[in-house]
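Spelled out from the first residue to the last, the chains are:
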Amino acid sequence: MTAPTRTSADAREWARTGTELLLDAVAGLDEAGFSAPSVLPDWTRRHLAAHVAANADALGNLVRWAATGEETPMYASPEERAAGIAKGATLTAEELRSWVDASAQALDEGLDRLTDEQWRHQVVTAQGRTVPATELPWMRAREVCVHAVDLGTGITFADLPNGFLAALVDEISTKRGLTELPDGPLPEVAAWLAGRPHTLADAPELGPWL
């Protein structure tokens with residue numbers, strides 16, 4: 001199977017789609033709704049919303065790194081990353097929505113301001129990978145698209161763009177070292193690979209990814 005071609009422009013569009021799905025989902029949550037469990041083990045929707053918002057802030061650090069050349073890590077430490085997630089439990093529903101919205105908008109505006117040269121600048125991810133800034137939209141697209149499903153408000157992998165799903169399947173199967181995939185609809189294969197609930201029969205269980 002030929003790996004799908006993924007461009008930075010594609011990823012930015014997927015990130016915008018995922019962000020819209022996410023914002024629509026959290027818009028309908030009250031205090032009890034945010035406190036309900038997410039699809040991810042041990043995480044409420046509050047934790048998940050805070051994680052997505054903190055991720056936008058962290059990617060904004062890499063945007064500044066690409067724009068200025070000044071080394072600005074995504075997170076100062078693993079403890080800072082954990083603190084960002086824990087912060088969600090202390091915020092009201094309105095504060096969480098505002099953080100998710102404002103952080104996403106700030107990241108998008110920061111990406112808009114990057115010049116062609118700055119897009120080629122190298123930055124380092126939280127996992128220690130050195131990548132060009134052109135990878136940042138894809139990193140964000142994965143977060144908002146997959147976690148929009150993880151909120152458990154009715155969004156499924158079938159609601160995500162086909163191009164995104166194809167790119168996701170290619171990336172996760174490569175990282176998991178899988179050369180053969182089960183037969184089934186693309187959204188279900190993507191869900192299975194990501195370790196999320198799926199409808200594929202007889203597919204071996206995989207641990208969570210992302």
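This write-up is about the structure you can find in this document.

## Some remarks on the overall build of the protein
- In terms of regular secondary structure, the protein is built from nine helices and two strands.
- Ordered by position from the N terminus, the helices and strands of the protein form the series α-α-α-α-α-α-β-β-α-α-α.
- Taken over the C-alpha trace, the protein has a radius of gyration of 17 Å; the compact-globule value for 210 residues is 17 Å, and the two agree within 12%.
- Along the longest, intermediate and shortest principal axes, the C-alpha atoms of the protein span 50 × 45 × 30 Å.
- Summarising the internal contacts of the protein: among those between residues at least 6 apart in sequence, 59% fall at separations of at least 24.
- Carbon and sulfur atoms make up 51% of the accessible area of the protein, which totals about 10,300 Å².
- In the protein, 17 positive and 31 negative side-chain charges are present, and the distance between their average locations comes to 3 Å.

## A closer look at the nonpolar core
- Trp138, Phe157, Leu160, Phe164 and Leu168 are the most contacted members of the largest nonpolar core, which has 48 residues in total.
- Broken down by secondary-structure element, the contributors of at least two residues to this core are helix 1 (8-27), helix 3 (45-68), helix 5 (93-113), helix 7 (136-150), helix 8 (162-176) and helix 9 (186-193).
- Residues contacting Phe157, with those up to four places away along its chain left out, are Val146, Val149, Leu165, Leu168, Pro187, Ala190, Ala191, Ala194 and Arg196.
- Leu59, Ala66, Trp119 and Val123 belong to the second-largest nonpolar core, a separate cluster that totals 18 residues.

## Points about the packing of helix 7 against helix 8
- Following both chains from N to C, one finds helix 7 and helix 8 inclined at 100°, their axes separated by 12 Å at the closest point. Judged by the inter-axis angle, helix 7 sits roughly perpendicular to helix 8. Counting all contacts with helix 7, which are made through Trp138, Ala141, Arg142, Cys145 and Val146, the residues of helix 8 involved are Phe164, Ala167, Leu168, Glu171 and Lys175.
- When its residues are assigned to classes, the contact of helix 7 with helix 8 shows seven nonpolar, no polar and three charged.

Conventions adopted
- Residues numbered from 1 in each chain as written.
- Predicted model: local features only at pLDDT ≥ 70, side-chain atom pairs only at ≥ 80, totals over all residues.
- Heavy atoms only, no water.
- Helix = DSSP H or I, 4+ residues; strand = E, 2+ residues; numbered from the N terminus.
- Rg over C-alpha atoms; globule rule 2.2 N^0.38 Å.
- Contact = heavy atoms within 4.5 Å.
- Areas by Shrake-Rupley, 256 points an atom, 1.4 Å probe, with all protein chains shown as cover.
- Lys, Arg positive; Asp, Glu negative; His and termini not counted.
- Charge placed at Lys NZ, Arg CZ, Asp CG, Glu CD.
- Core = buried A, V, L, I, M, F, W, Y, C linked by side-chain atoms within 4.5 Å.
- Buried < 20%, exposed > 50% of the residue type's maximum accessible area, 1.4 Å probe, protein only.
- Axes fitted to C-alpha atoms, helices over the stretch in contact; angles between N-to-C directions.
- Parallel < 35°, antiparallel > 145°, perpendicular 65-115°, else oblique.
- Nonpolar A, V, L, I, M, F, W, Y, C, P; charged D, E, K, R; others polar.

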